[in-house]
Structures are given as structure tokens and as C-alpha cells.
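So you can see what is in the structure, the chains are spelled out below.
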Amino acid sequence: MSRPGLMMIILSAAFASSALPAAPSAAADPAGLWRRGDGNADVRIAPCGPDLCAINTRIGDPGSGEAVGDRLVMKLAPRAANELAGTAYDPKRDRTYSITVTVGTNGMTTRGCVFYGLLCRSVAWSRLSGS
């Protein structure tokens, strides 16, 4: 390869990498115990292999179709200092959602979407003491 051709590849690669947004240095950690805003569910978020799992530890109304032990397997990556984004798989319903998790000191909001983001639902969570 000629020197001008090689130089063009190097410059193109350098330009492409400089055009990418910088990756956030550290995202907030959603691990711990959380209570859903409606008070009907408590979950423990913890690593499960390379992913994070949210496992129901308490359900107030079992008639809602939820049960203790139900889990959501999340593959998340940092998007901002307090935000993670990726997918969440619900093995009980065999559904995958796109998800955004925004974590604060004592609160968290999850936003799950299906059908290419056309149907979304946000849920507020509060951190339980001891987590």
C-alpha cells in the first residue's frame, strides 16, 4: 500500500474515533434493594454472571401475576454518569424490552419499551434501607 493510502486510513480512523462521544467514566450502580413506586413489589438488583438481575423479594398483591422469585435479566451499559441503557429479558413472559435505568442516591427510574420504542412505561423506585 502506498504511503498516501496508508495515511488516509490512519486519518480516517483517527477522525472516526474523535467523532465518537466519550464513554462515561463511571455510571451509578443500581445494585441493592428497591421498592416499586406503587408499593406492590420489592426487588433485589445484583450481578448474575455478566449481567444484572432484578429478582422479586416481596409482592404485595400476588393476584397481579407477579411472584416472589420472578426475575428480569438486564444487559446494561453506561450512557451517562447516572444512566444505564440496554435490554431486559423477562424469562417468565419470554419477552425482551429495551430499558433505561436512571439511578439517584435514594431513587431510581426504569423505562422499558417494546415495539421499537412505541410502547413505553416508566416506573419510579425508592431505595430500601440496608442496601
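Moving on to the sheet that holds strand S8 (residues 119-127). Read around the closed barrel, the eight strands follow the order S1-S2-S3-S4-S5-S6-S7-S8; overall the barrel is antiparallel. For this sheet, the mean inter-axis angle between neighbouring strands, taken without regard to orientation, is 35 degrees. Pairing of strand S2 (residues 41-48) with strand S3 (residues 51-59), which is carried by eight bridges, proceeds in the antiparallel orientation. Bridge assignment links alanine 41 to a residue of S3, and that residue is isoleucine 59.

Another point: the nonpolar core. Of all hydrophobic cores here, the largest spans 14 residues; its most connected members are Trp34, Ile45, Met74, Val101, Met108 and Trp125. At the level of elements, S2, S3, strand S5 (83-90), strand S6 (95-103) and S8 are the ones that each hand at least two residues to this core. Setting aside chain neighbours within four positions, we find tryptophan 125 in contact with Trp34, Arg35, Arg36, Gly37, Ala41, Val43, Asn106, Gly107, Met108 and Thr110.

Cysteine pairs can be linked by a disulfide, which is a covalent bond between their two sulfur atoms. Within the structure shown, the criterion is met by two disulfides. Between the sulfur of cysteine 48 and that of cysteine 53 lies a disulfide, 2.0 Å long from S to S. With the S-S bond torsion at 80 degrees, the cross-link from cysteine 48 to cysteine 53 turns out right-handed. According to the relative accessible area criterion, cysteine 48 is partly exposed, its value standing at 25%. There is a disulfide in this structure between cysteine 113 and cysteine 120, and the S-S distance comes to 2.0 Å. Every disulfide takes its handedness from the sign of the S-S torsion; for cysteine 113 and cysteine 120 that torsion is 110 degrees, giving right-handed. Residue classification places cysteine 113 among the buried positions, given a relative accessible area of 12%. With relative accessibility at 30%, the residue cysteine 120 sits in the partly exposed group. Looking at the protein, its bonded cysteines, counted consecutively from the start of the sequence, adopt the pairing 1-2, 3-4.

Our next topic: the environment of valine 73. Along the chain, the position of valine 73 falls in strand S4 (residues 71-80). Taking C-alpha positions, valine 73 is 8.0 Å from cysteine 48, a pair spaced 25 residues apart along the chain. Beyond its immediate stretch of four places on either side in the chain, valine 73 contacts Asp51, Leu52, Cys53, Thr87, Ala88 and Tyr89.

What follows concerns the confidence of the model for the protein. When the pLDDT values of the protein are averaged, the result is 82; 78% of them are 70 or greater. This model gives residues 1-25 a pLDDT under 50, and the stretch forms six contacts once residues within four places in sequence are excluded.

Turning our eyes to something else, we now look at a nonpolar patch on the surface. Nonpolar side chains collect at one region of the surface, where Phe115, Leu118 and Leu119 lie side by side and expose about 390 Å² of accessible area between them. Mapped onto the fold, phenylalanine 115 is located in the loop between strand S7 (107-114) and S8.

Below, the discussion takes up the pattern of salt bridges. Two side chains carrying opposite charge are able to pair once their charged atoms lie near each other. All chains considered together, the criterion is met by eight salt bridges. Via salt bridges that share partners, Arg35, Asp42 and Arg58 belong to a single interconnected network.

About the thresholds
- Counting starts from 1 at the beginning of each chain's written sequence and moves along it residue by residue.
- Under the rules for a predicted model, residues below a pLDDT of 70 receive no local features and side-chain atom pairs below 80 are neither given nor counted, while totals for whole chains, interfaces and linings still include all residues.
- Just so you know, side-chain values use all the structure's heavy atoms and leave hydrogens and water out.
- Two strands qualify as a pair provided DSSP detects at least 2 bridges between them.
- Secondary structure elements are taken from DSSP: a helix is a run of H or I of four residues or more, a strand is a run of E of two residues or more, and numbering for both begins at the N terminus.
- Only the stretch in contact is used when fitting a helix axis, every axis being a line fitted to C-alpha atoms; angles between N-to-C directions are given from 0 to 180 degrees.
- Remark: nonpolar core denotes a set of buried residues (Ala, Val, Leu, Ile, Met, Phe, Trp, Tyr, Cys) joined through side-chain atoms within 4.5 Å.
- For the exposure calls, accessible area comes from a 1.4 Å probe over protein chains only, and a residue counts as buried if that area is under 20% of its type's maximum, exposed if over 50%, partly exposed in between.
- Between two residues, a contact is recorded if the distance between any of their heavy atoms is within 4.5 Å.
- Cysteine sulfur pairs qualify as disulfides if the two atoms are within 2.5 Å.
- One number per residue, pLDDT, summarises how confident the predictor is, and it ranges from 0 to 100.
- Only residues whose relative accessible area exceeds 30% and that take part in no salt bridge are eligible for patches, with like-charged residues grouped when within 9 Å of each other and nonpolar side chains (Val, Leu, Ile, Met, Phe, Trp, Tyr) grouped when within 5 Å.
- Residue-level accessible areas treat just the shown protein chains as cover; the underlying method is Shrake-Rupley with a 1.4 Å probe.
- Should a side-chain nitrogen of Lys or Arg be within 4 Å of a carboxyl oxygen of Asp or Glu, the pair is scored as a salt bridge.

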